[in-house]
Amino acid sequence: MTSTANLIPIVKMPDPVLRQIAQPVAEITDGVRQLLDDMAATMYYAPGIGLAAPQINISQRLVVIDCGSDETAELYKMVNPEIISLSDERAVLEEGCLSIPDQTADVERPAEVSVRYLDENGAAQTMTAVGLLAACIQHEIDHLNGVLFIDHISRLKRDMITRRVMKELRQSTGVK
Ligand code: NI
């Protein structure tokens, strides 16, 4: 059992941790379970529908996802998630990211994904998802590989978002 969850500050672009390859989790300890609880609390508070550990400055392969409705939470805690298959069919969905505040773009990805992972008890799980959940799983696993959603869009749009984020950063830090 874990105690209360803590909110953890979310790391924003261009922090280099977001571009690192995260390390596999060797053992699922109480510390890891606490971290997953903290990540879930941080995600809900933001609010967001997914969060990967690099986004809280921890370069480990941990992800939490909840694409459920307001009434029905559907929380997945994934340790060392791995994509095992992707459909040829593709789908376009609007994506955003807690590490790239206030920016969204249409992102094309495989429409269906199968993933395997360990749950918080260390049990192997597999899941096949479509729709928003499929996009969210791919987005969060991308984070573990140092990939952001803006890497999947045109260079023109990526540069536009990057410029906006950097401008925002300069204004918030007072650096010109
Ligand atoms: Ni993200």
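Up top you'll find the structure we're talking about.
Overview of the structure. Computed from a predicted structure; not experimentally measured. (Residues numbered from 1 in each chain as written. Predicted model: local features only at pLDDT ≥ 70, side-chain atom pairs only at ≥ 80, totals over all residues. Heavy atoms only, no water.)

### Some remarks on the coordination of the nickel ion
For step 1, the next point in the chain: Bound to the nickel ion on the protein side are Cys 97 (SG), His 139 (NE2) and His 143 (NE2), at distances that span 2.1 to 2.3 Å.
For step 2, the next point in the chain: Along the chain, the residues donating to the nickel ion are arranged with the sequence spacing C-x41-H-x3-H. With Cys 97 in strand β4 (residues 90–97) and His 143 in helix α2 (residues 131–144), the pair connects residues that are 46 residues apart, well separated along the chain.
For step 3, the next point in the chain: On the basis of relative accessibility, which here comes to 1%, the residue His 143 falls in the buried class. (Donors = N, O, S within 2.8 Å, 3.2 Å for Na, K, Ca; no water. Helix = DSSP H or I, 4+ residues; strand = E, 2+ residues; numbered from the N terminus. Buried < 20%, exposed > 50% of the residue type's maximum accessible area, 1.4 Å probe, protein only.)

### A look at the nonpolar core
For step 1, the next point in the chain: Membership of the largest hydrophobic core comes to 18 residues, with the highest contact counts inside it found for Ile 65, Tyr 76, Met 78, Val 115, Met 127, Leu 133 and Ile 137.
For step 2, the next point in the chain: Breaking this core down by element, the ones donating at least two residues are β2 (62–66), β3 (75–86), β6 (112–118), β7 (124–130) and α2.
For step 3, the next point in the chain: Looking at which element gives the most residues to this core, the answer is α2, with 6 residues.
For step 4, the next point in the chain: Ignoring any residue separated from it by four or fewer positions in sequence, one finds Leu 133 in contact with Ile 65, Cys 67, Tyr 76 and Met 127. (Core = buried A, V, L, I, M, F, W, Y, C linked by side-chain atoms within 4.5 Å. Contact = heavy atoms within 4.5 Å.)

### So, the environment of Ile 153
For step 1, the next point in the chain: Relative to the helices and strands, Ile 153 resides in the loop between α2 and α3 (155–173).
For step 2, the next point in the chain: Look at Ile 153 and you get buried, because its relative accessible area is 9%.
For step 3, the next point in the chain: Sequence separation between Ile 153 and Met 78 is 75 residues, and the spatial gap between their C-alpha atoms is 26 Å.
For step 4, the next point in the chain: Residues within four places of Ile 153 in sequence aside, it is in contact with Ala 105, Asp 106, Val 107, Arg 158 and Ile 161.

None of this, on its own, says anything about what the molecule does.
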